[in-house]
Amino acid sequence: NAIGGLPFRLAGTFCNLARSVGGGLSEATIIGSGDRISVPYASFANTALSTMLDYSDWEMSDSGRCPIWIGPLAVPAALAAGEATGISGPEFLASVAAGYECAARILHSMDMSEQRFLEVNGETLSVFAAAGAAGRAFRLSHDEMLSTLTMAGIYTPVPAYYKWIGDEGLTPRKD
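Residues numbered from 1 in each chain as written. Predicted model: local features only at pLDDT ≥ 70, side-chain atom pairs only at ≥ 80, totals over all residues. Heavy atoms only, no water.

Asker: Sorry, what's going on with the packing of helix α2 (residues 9-21) against helix α3 (residues 39-51) here?
Answerer: Packed helices, taken two at a time, are described by their axes: the angle between them and the distance between them. Closest axis-to-axis distance for the α2/α3 pair is 9 Å, and the angle between their directions is 180°. In terms of orientation, α2 lies roughly antiparallel with respect to α3. The residues of α3 that touch α2, namely those facing Ala11, Phe14, Cys15, Leu17, Ala18 and Val21, are Tyr41, Phe44, Ala45, Ala48 and Leu49. Tallied by class, the residues present in the contact of α2 with α3 amount to eleven nonpolar, no polar and no charged. (Axes fitted to C-alpha atoms, helices over the stretch in contact; angles between N-to-C directions. Helix = DSSP H or I, 4+ residues; strand = E, 2+ residues; numbered from the N terminus. Parallel < 35°, antiparallel > 145°, perpendicular 65-115°, else oblique. Contact = heavy atoms within 4.5 Å. Nonpolar A, V, L, I, M, F, W, Y, C, P; charged D, E, K, R; others polar.)

Asker: Would you take a moment to explain the packing of helix α5 (residues 89-109) against helix α7 (residues 127-137) for this structure?
Answerer: Contact geometry for α5 and α7: axes closest at 7 Å, N-to-C directions at 145°. Read as a crossing pair, α5 and α7 show a hand that is right-handed. Contacts between α5 and α7 pair Glu91, Ala94, Ser95, Ala98, Gly99, Cys102, Ala103 and Ile106 from the former with Phe128, Ala129, Gly132, Ala133, Arg136 and Ala137 from the latter. In the contact of α5 with α7, the residues fall into nine nonpolar, three polar and two charged. (Left-handed = near helix turned anticlockwise from the far one by under 90°.)

Asker: I would appreciate a short explanation of a nonpolar patch on the surface in the present structure.
Answerer: There is a patch of nonpolar side chains on the surface, built from Leu17, Val21, Tyr41 and Phe44 and spanning about 320 Å² of accessible area. Among the elements of the structure, α2 and α3 are those that each provide at least two residues to the nonpolar patch. With respect to the helices and strands, leucine 17 occurs in helix α2. A residue is classified by how much of its surface remains accessible, and leucine 17, at 41% relative accessible area, is partly exposed. (Patch = residues over 30% accessible without salt bridge, like charges linked within 9 Å, V, L, I, M, F, W, Y side chains within 5 Å. Areas by Shrake-Rupley, 256 points an atom, 1.4 Å probe, with all protein chains shown as cover. Salt bridge = Lys/Arg side-chain N within 4 Å of Asp/Glu carboxyl O. Buried < 20%, exposed > 50% of the residue type's maximum accessible area, 1.4 Å probe, protein only.)

Asker: What is the right way to read α3 from this model?
Answerer: What sets the pattern is the α-helix's 3.6 residues per turn: residues three or four places apart point alike. The terminal C-alpha atoms of α3 lie 18 Å apart, and with 13 residues this matches the ideal 18 Å at 1.5 Å per residue to within 8%. Inspection of α3 places Val39, Ala42, Ser43, Ala45, Asn46, Thr47, Ala48, Leu49 and Ser50 among the buried residues, and these make up the whole buried set. Against the buried residues of α3 lie α1 (2-5), α2, β1 (28-29), β2 (36-37) and α4 (71-85). (Expected span 1.5 Å × (residues − 1).)

Asker: Mind showing me how you'd approach α2 here?
Answerer: Helix length check: α2, at 13 residues, gives a terminal C-alpha distance of 19 Å against a target of 18 Å (1.5 Å per residue), a fit within 8%. Listing the buried residues of α2 in full gives Ala11, Cys15 and Ala18. Taken end-on, α2 shows its buried residues confined to a sector of 55°, consistent with a single buried face. The exposed set on the far side of α2, more than 90 degrees from its buried face, consists of Arg9 and Ser20. (Arc of directions from axis to C-beta.)

Asker: Which parts of the structure should I look at to understand the pattern of salt bridges?
Answerer: Pairing between side chains of opposite charge can happen when their charged atoms approach one another. In the structure shown here, the tally under the stated rule is four salt bridges. A salt bridge links arginine 136 to glutamate 91; its shortest N-O distance comes to 2.5 Å. Residue arginine 136 is found in helix α7, and its partner glutamate 91 is found in helix α5; the two are separated by 45 residues along the sequence. Owing to a relative accessible area of 29%, arginine 136 belongs among the partly exposed residues under this scheme. Ionic pairing is found between arginine 105 and glutamate 101, a salt bridge with its closest N-O pair at 2.5 Å. Here the residue arginine 105 and the residue glutamate 101 both occupy positions in helix α5, the gap between them amounting to four residues, near one helical turn. Classification of arginine 105 as exposed rests on a relative accessible area of 61%. When its relative accessible area of 41% is taken as the criterion, glutamate 101 is described as partly exposed.

Laid out in structure tokens, this is it:
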């Protein structure tokens, strides 16, 4: 998917943004370019590339109200973190699996009621795939992984749709 996303103009926009702010340590590669930038921004660029074709795998909650897209977040995060730490192929696959496990388990443990679904859309849970995958690739301790997943939950983005529609009385979210 990432290689297939390379020709899109929007992909170039995301990759150029990552290059412009992802300086510092040249630890990870943007797929298709060979450019090495920091881990978070390489993961960002590669995630953007991975979603250009919209051929992502997905997981649905038990109620069918909460979809998440795991692969396009878990794989780029594990790839960037793994490249920086020099993990093996089996460790890379274990890191991707950890991302899938984190996101899917959180999804199924937090299934939304119909009312909650109208307030917050579920795809925001996809971020746990990146946190779990990168945390495993970085070989985080139990406490460090817990902290990483907690920060992912705190800083989970609000879907753009809800910034403009259905925001009555939710000004802080819109702002």
